[in-house]
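# Examination of the molecular architecture
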Amino acid sequence: QLQLVESGGALVQPGGSLRLSCVASGSALDSYNIGWFRQAPGKGREGVSCISTNGANTHYADAVKGRFTISRDNAKNTVYLQMNSLKQEDTAVYFCARCSAVGSSIRALDSWGQGTQVTVSS
């Protein structure tokens with residue numbers, strides 16, 4: 001059974017950058033599409049990005065296109081989310097999970113864990 005643990009969240013100023021990490025265990029990471037999701041205060045879960053097993057295909061929510069980049073290092077069982085030009089509206093708890101995606105529509109296939117808090121504030 002695949003298990004994922006998120007890390008890297010922090011308090012950053014608007015316009016700043018942050019890199020989140022999602023480390024897998026229990027199963028081979030390269031067998032799964034992995035995505036990032038977020039839950040902001042007062043909002044439902046939002047799909048942020050999804051990457052295919054070998055990294056060849058990526059998907060992004062419209063709100064983060066051009067600012068966020070998802071990548072993976074299967075040898076390290078890790079998926080990353082590089083977040084640049086951060087905005088206050090990016091503030092949320094970020095989770096990773098197995099994903100499916102069509103264009104900018106991204107869905108999680110499993111329930112997420114504890115996540116990592118990203119706070120963008122001046």
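One can find the structure itself at the top, above this paragraph.
Okay, so let's go over this structure. (Residues numbered from 1 in each chain as written. Predicted model: local features only at pLDDT ≥ 70, side-chain atom pairs only at ≥ 80, totals over all residues. Heavy atoms only, no water.)

Along the backbone of the protein there are zero helices and eleven strands. Ordered by position in the sequence, the α and β elements of the protein form the string β-β-β-β-β-β-β-β-β-β-β. The C-alpha atoms of the protein give a radius of gyration of 13 Å, which matches the 14 Å a tight globule of 122 residues would have. For the C-alpha atoms alone, the extent of the protein along its principal axes is close to 40 × 25 × 25 Å. Here the protein holds 122 residues, and 40% of them are scored as buried. By sequence separation, contacts in the protein at least 24 residues apart represent 58% of the contacts at least 6 residues apart. Accessible surface, the protein as shown: approximately 6,200 Å² in total, 43% of it carbon and sulfur. (Helix = DSSP H or I, 4+ residues; strand = E, 2+ residues; numbered from the N terminus. Rg over C-alpha atoms; globule rule 2.2 N^0.38 Å. Buried < 20%, exposed > 50% of the residue type's maximum accessible area, 1.4 Å probe, protein only. Contact = heavy atoms within 4.5 Å. Areas by Shrake-Rupley, 256 points an atom, 1.4 Å probe, with all protein chains shown as cover.)

Under the counting rule described, the total for this entry stands at zero aromatic pairs. Above the face of the Phe37 ring, Arg45 is positioned so that its terminal group lies 5.6 Å from the ring centre. (Phe/Tyr/Trp six-rings, centres within 6.5 Å; stacked < 30°, edge-to-face > 60°. Lys NZ or Arg CZ within 6 Å of the ring centre and 35° of its normal.)

What follows covers the nonpolar core. Ranked by internal contacts, the top residues of the largest apolar core, which has 28 residues, are Ile34, Trp36, Leu81, Met83 and Tyr94. Breaking this core down by element, the ones donating at least two residues are strand E3 (18-25), strand E4 (34-39), strand E5 (45-51), strand E7 (68-73), strand E8 (78-83), strand E9 (92-102) and strand E11 (116-120). Take this core: its biggest share by element is four residues, from E3. What Leu81 contacts, discounting residues up to four positions off in sequence, is Leu18, Arg19, Leu20, Trp36, Val48, Ser49, Phe68, Thr69, Ile70 and Tyr94. By size, the runner-up hydrophobic cluster in this structure holds six residues, among which are Phe37, Cys50, Ala97 and Ala108. (Core = buried A, V, L, I, M, F, W, Y, C linked by side-chain atoms within 4.5 Å.)

Relative to the helices and strands, Lys65 is located in the loop between strand E6 (58-60) and E7. When the C-alpha atoms of Lys65 and Ser49 are compared, they prove to be 9.2 Å apart, with 16 residues separating the residues in sequence. A distance of 3.1 Å separates polar atoms of two side chains, one belonging to Lys65 and the other to Asp62. (Polar contact = N/O pair within 3.5 Å; in protein donor to acceptor, adjacent residues only side chain to side chain.)

Strand order in the open sheet made by the four strands is E1-E3-E8-E7, with antiparallel pairing throughout. The sheet is open, and its two borders are formed by strand E1 (3-7) and E7, each paired with just one other strand. Averaged over all adjacent pairs, the angle separating strand axes in this sheet is 20°, with direction ignored. As paired elements, E3 and E8 share six bridges and run antiparallel to each other. When the bridges of E8 are listed, Leu18 appears paired with Met83. (Pairing = 2+ DSSP bridges. Axes fitted to C-alpha atoms, helices over the stretch in contact; angles between N-to-C directions.)

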